[in-house]
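Structural overview for review
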Amino acid sequence: MYGKERIIIYEQEGVYIHSSCGKTSDQDSLISGILRVLEKDAEIIVDWRPLDDALDSSSILYAGKDSSSVVEWTQAPKERGHRGSEHLNSYEAEWDMVSTVSSKKKPYTNGDAPSHRNGKSKWSFLFSLTDLKSIKQNKEGMGWSYLVFCLKDDVVLPALHFHQGDSKLLIDSLEKYVVLCESPQDKRTLLVNCQNKSLSQSFENLLDEPAYGLIQAGLLDRRMLLWAIHQWKKIKKDPYTATMVGFSKVTNYIFDSLRGSDPSTHQRPPSEMADFLSDAIPGLKINQQEEPGFEVITRIDLGERPVVQRREPVSLEEWTKNIDSEGRILNVDNMKQMIFRGGLSHALRKQAWKFLLGYFPWDSTKEERTQLQKQKTDEYFRMKLQWKSVSEEQEKRNSRLRDYRSLIEKDVNRTDRTNKFYEGQDNPGLILLHDILMTYCMYDFDLGYVQGMSDLLSPLLYVMENEVDAFWCFASYMDQMHHNFEEQMQGMKTQLIQLSTLLRLLDSGFCSYLESQDSGYLYFCFRWLLIRFKREFSFLDILRLWEVMWTELPCKNFHLLLCCAILESEKQQIMEKHYGFNEILKHINELSMKIDVEDVLCKAEAISLQMVKCKELPQAVCEILGLQDSEVTTPDSDTGEDENVGMTGCPTSTFQSDYLPVLGTSGARDDSPTQIAMSPNVSRLTPA
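Residues numbered from 1 in each chain as written. Predicted model: local features only at pLDDT ≥ 70, side-chain atom pairs only at ≥ 80, totals over all residues. Heavy atoms only, no water.

On to the environment of E486, then. Mapping E486 onto the fold places it in the loop between α18 (467-481) and α19 (490-506). Sequence separation of E486 and V450 is 36 residues, and the distance between their C-alpha atoms is 8.6 Å. (Helix = DSSP H or I, 4+ residues; strand = E, 2+ residues; numbered from the N terminus.)

In this section: the environment of P306. Inspection of the secondary structure assignment puts P306 in the loop between α9 (271-278) and α10 (316-321). You can call P306 buried: its relative accessible area is 3%. Through-space distance from the C-alpha of P306 to that of C602 is 9.9 Å; in sequence the pair is 296 residues apart. (Buried < 20%, exposed > 50% of the residue type's maximum accessible area, 1.4 Å probe, protein only.)

What follows concerns the sheet that holds strand β1 (residues 6-18). Reading across from one edge, β4-β3-β2-β1-β7-β6-β5-β9-β8 is the order of the nine strands in this open sheet, with antiparallel pairing throughout. The two strands at the open ends of the sheet, each matched to only one other strand, are β4 (125-128) and β8 (180-182). Between one strand axis and the next, the sheet turns by 30° as a mean value, whatever way the strands run. Bridge count between β1 and strand β2 (residues 30-40): ten bridges; the pairing is antiparallel. Note that in β2 the partner of E11 across the bridge is R36. (Pairing = 2+ DSSP bridges. Axes fitted to C-alpha atoms, helices over the stretch in contact; angles between N-to-C directions.)

In this chain, L553 is followed by P554 through a cis amide linkage whose omega measures -5°. Relative to the elements of secondary structure, P554 occurs in the loop between α22 (539-550) and α23 (558-576). If you check the backbone angles, M489 has positive phi at about 55° while not being a glycine. By secondary structure assignment, the location of M489 is in the loop between α18 and α19. Although it is not a glycine, L522 adopts a positive phi angle of roughly 60°.

Now for the side chain of K376. By the secondary structure assignment, K376 is in helix α13 (residues 366-388). Dropping the residues within four chain positions of it, K376 is found in contact with Y359, V468 and W472. (Contact = heavy atoms within 4.5 Å.)

Let us now look at the nonpolar core. Grouped together as the largest cluster of nonpolar side chains are 124 residues, with contacts concentrated most on F485 and F533. Mapped onto the domain boundaries, this core takes at least three residues apiece from domain 2 (238-243 + 271-323 + 488-627) and domain 3 (344-357 + 372-484). Not counting residues within four places of it along the chain, the set of residues in contact with F533 comprises W528, I542, L545, M549, H559, L562, C563 and I566. (Core = buried A, V, L, I, M, F, W, Y, C linked by side-chain atoms within 4.5 Å. Domains from an automatic or database assignment.)

To continue, consider the packing of aromatic side chains. For the structure shown, the criterion picks out 28 aromatic pairs. Ring geometry for F421 versus Y462: centroids 5.3 Å apart, planes at 75°, classification edge-to-face. In this pair, F421 sits in the loop between α15 (399-412) and α16 (428-443) while Y462 sits in helix α17 (residues 453-464), placing the two residues 41 residues apart along the sequence. When sorted by exposure, F421 lands in the same class as Y462, which is buried. Between the aromatic rings of Y462 and F539, the centroid separation amounts to 4.9 Å while the plane-to-plane angle is 80°, which identifies the pairing as edge-to-face. (Phe/Tyr/Trp six-rings, centres within 6.5 Å; stacked < 30°, edge-to-face > 60°.)

Moving on, we come to the pairing of strand β3 (residues 43-50). Counting buried residues in β3 gives seven out of eight residues, a clear majority hidden from the surface. Where β2 lies against β3, eight bridges are found, and the strand directions are antiparallel. Counterpart to R36 in the pairing with β3 is D47. Taken together, β2 and the strand that follows it, β3, pair antiparallel across an intervening segment of two residues, in which D41 is found at a positive phi of about 55°. Here β3 runs beside β4; their pairing, made up of four bridges, is antiparallel. Residue pairing for β4: V46 is matched across the bridge by F127.

On to the confidence of the model for the protein chain. Considering every residue of the protein chain, the mean pLDDT works out to 74; 63% of them sit at 70 or more. Per-element averaging of pLDDT across the protein chain places helix α1 (residues 57-61) at the bottom with 29 and α22 at the top with 98. This model gives residues 195-223 a pLDDT under 50, and the stretch forms 42 contacts once residues within four places in sequence are excluded. Scored below 50 in pLDDT, residues 657-688 makes 67 contacts in the model with residues more than four places away or belonging to other chains. (pLDDT = per-residue confidence, 0-100.)

Turning our eyes to something else, we now look at the pairing of strand β5 (residues 132-137). Two elements, β5 and strand β6 (residues 145-151), share five bridges in a ladder whose sense is antiparallel. Bridging across to β6, Q137 finds its partner in L147.

Relative orientation of the contacting elements α23 and helix α24 (residues 581-589) amounts to 135°, with a least axis distance of 12 Å. Considering the angle they form, α23 stands oblique to α24. At the point where α23 passes α24, the crossing takes the right-handed sense. Between α23, through L567, E570, Q573 and I574, and α24, the contact on the second element is made entirely by I584, H587 and I588. Taken together, the residues that form the contact of α23 with α24 break down as four nonpolar, two polar and one charged. (Parallel < 35°, antiparallel > 145°, perpendicular 65-115°, else oblique. Left-handed = near helix turned anticlockwise from the far one by under 90°. Nonpolar A, V, L, I, M, F, W, Y, C, P; charged D, E, K, R; others polar.)

What follows is about α18. Between its terminal C-alpha atoms α18 stretches 20 Å, which fits the 21 Å expected from 15 residues at 1.5 Å a residue. Along α18, 13 of the 15 residues are buried, which leaves the element largely enclosed by surrounding structure. The distance from a side-chain oxygen at the start of α18 to the backbone nitrogen of V468 is 3.0 Å, and the residue carrying that oxygen is N466. (Expected span 1.5 Å × (residues − 1). Polar contact = N/O pair within 3.5 Å; in protein donor to acceptor, adjacent residues only side chain to side chain.)

Here is the structure:
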């Protein structure tokens, strides 16, 4: 579905074709149109069409503001956004048609256009920027500015006259994707991708030193590199979408350029390549040689890995037994461990998730929770009113709000649409997703909305079936995930470094292999970390995985051990088949929806227990997992003294010993029928 995504890079109304030269007094000879430069699937398209045929841009970028305030799921929405999803879908259909046309070598022009409903439509044209040969400009001071596009097959398109504004903005937009320089024969003509030696010096300002060195050495084609740099910038600006769509394409282009046609160059690229790749997340340093301040982790015997078994999901009956007469949860630690061991039955999730996410305090009474909900309901709708009361005129002067709305509308219309809860047109679930995300922009305007956040909200709304409760659970979840979406991406950098540290401790040989294939930065785990495996498991499995992680057991950063468990399972295939950089990326991406969630949870927990029992665990690993080093006090100790005082390694976990599984002779999973007894409620997708 991401293949249909299109981004408007440039848009200008009042761009005319003068269909009858010399008859400018005849109004029929001036055809007004809209000129757009769009990006679709990493291809840049230039599109001009008459105003009558062009969609209003607001129907593409903005939805109506009159979506209803739905509080309870059982309430049907009273109104619909008047230009919402049906316009978006009609544009998608039109874009699909346009894509088919643009795949032909020769675009439709006034000479070979098919029949249209009116005479103006025959002047429409579009072309890919890769087919552009040159652009001819008018002389300065000679009336309206105009441009004439000449394509590589010598097709000359009609002149475009800019009656409202300058053509310079268009040129500036195109120069982000192609190199333009003046023709030696005619200064009014701009040639595309000219080989001008002096021009190459300007690349110094665009590229980092390693990549610039590759250009000078002739190892990278300029235009190809510009396209790759554009994709890397997208990763930094929008890590979620870029990681989903463009990452493997970028690496294919770069590596193909480096290797060329000479088989002798099909080796690991020079060290500059690793530096160039690391530009995707500036400042990321993983396992670089002799990095000062990093702890060198040597091979350590972690000891035997325990066999872990999981229990059935916590039932409504078990939950009820742990509540006192005033509604307080009794023995919270025990309840969290039960949830960690087996998850929750679906009927219980709506209630229990509010505690797990911190929306409800564990020690609160039923009456206190009722008062809290009333307070939070008022607070939510005050924030919602802030963006719903913004007039169209106000929004025109608020670019950040427009940008947030645009991103939210794009994401909502492609989030979990195969799930019955969100499928179909005019689905009230989509309206709720939209409204909650817009309200979150008022709650945290500094962060606002970043693509990928809709993936975190969708399961919460599905379980809560209530706009207010879903919002506050989402706000609590975002408190945990906030650092993933911050502009500097410091949270993602830290997690990738920590993951590398853990993986090296578990299997230094596998880490060395990944580094030999330029994969030591673990970029292929980026999506896992960014949205907590949301795209890797089925919707139902994500409900189970998230509630287990929210218990914060058995240690800090348990999600990193989940990554290690998945990678450990794939290690054999990756190494035995000698996968390279691109093959590793492809293989990891294709694991989506094929991972057994219970198996991964067992392996990750077994890894954590193995590390807890290790007496020589490095300090860096202790800090990552939140394990206390030095003194370890046993549960039976009645005094402050302990025989292990002064021990420098073996940390301890808050995980109670009563729940530790019996150590086995292997780390294999016990597949006995009693290990994972799934409740019948788990498979029921329809909300209660």
